[in-house]
Amino acid sequence: MNARIDRSSLLGRYDQDAGPWRPMYYGLTINVPLAGGQSESGTVTLNNQPYIWQFLSHMILGNTYDWETTGLMQDGQYMIEFKDEQSNYQNVPVAASAAFGQGKTGYMVEFPFPIPFAGNKTITFRVTNNYTRILTPTPAAPVFPVNLVLGGVADWGELVS
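Residues numbered from 1 in each chain as written. Predicted model: local features only at pLDDT ≥ 70, side-chain atom pairs only at ≥ 80, totals over all residues. Heavy atoms only, no water.

It is worth spelling out the side chain of Gln74 at this point. For Gln74, the position within the fold is in the loop between α1 (67-70) and β4 (78-83). Judged by its relative accessible area of 7%, Gln74 falls in the buried class. At 3.4 Å, the side chain of Gln74 forms a polar contact with the side chain of Thr64. Excluding its chain neighbours within four sequence positions, the residues that come into contact with Gln74 are Met59, Ile60, Thr64, Tyr65 and Lys104. (Helix = DSSP H or I, 4+ residues; strand = E, 2+ residues; numbered from the N terminus. Buried < 20%, exposed > 50% of the residue type's maximum accessible area, 1.4 Å probe, protein only. Polar contact = N/O pair within 3.5 Å; in protein donor to acceptor, adjacent residues only side chain to side chain. Contact = heavy atoms within 4.5 Å.)

In this structure, Tyr51, Trp53, Leu56, Ile80, Phe125, Leu148 and Leu150 are the most contacted members of the largest nonpolar core, which totals 30 residues. Of all the elements in the fold, those that place two or more residues in this core are β1 (21-33), β3 (51-60), β4, α2 (96-100), β8 (110-117), β9 (122-129) and β10 (143-155). Each residue touching Ile80, except ones within four places of it in the same chain, is listed here: Leu56, His58, Gln90, Pro93, Val94, Ala96, Phe100, Phe125, Arg126, Val127 and Leu148. (Core = buried A, V, L, I, M, F, W, Y, C linked by side-chain atoms within 4.5 Å.)

Here it is as structure tokens:
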């Protein structure tokens, strides 16, 4: 196959297979309790392929820019902790915005060193609310959704032509 890659002027006909490593994102949404000090957990299971985790981003989902009527805003006022089957990556839960960047601006803090996984690993997250949130109108369930995104690269193997 001699298909031309038209998406970038930097890629030519010899760039059909730029290598086996490609971007890979894993995501999960955790419904965090509205009460301060309360937490909820969620997990992500990595595919059966090598993965190098480079950053974690986060944000509250929903109508967050109308906090006068909803009570929900991208304040980063929640703690995040994560671990896999073998390692704890923090000694205590850390403030989301301080450790990983601001969800509302899209600014992310990359890890000081990427975390490699062989694949088929499960990463467990716990998100803890820092203060009691009062939402308007009162939601059916007393929670707010926090979306977490793991960003990195995965080994997709060689191009088969």
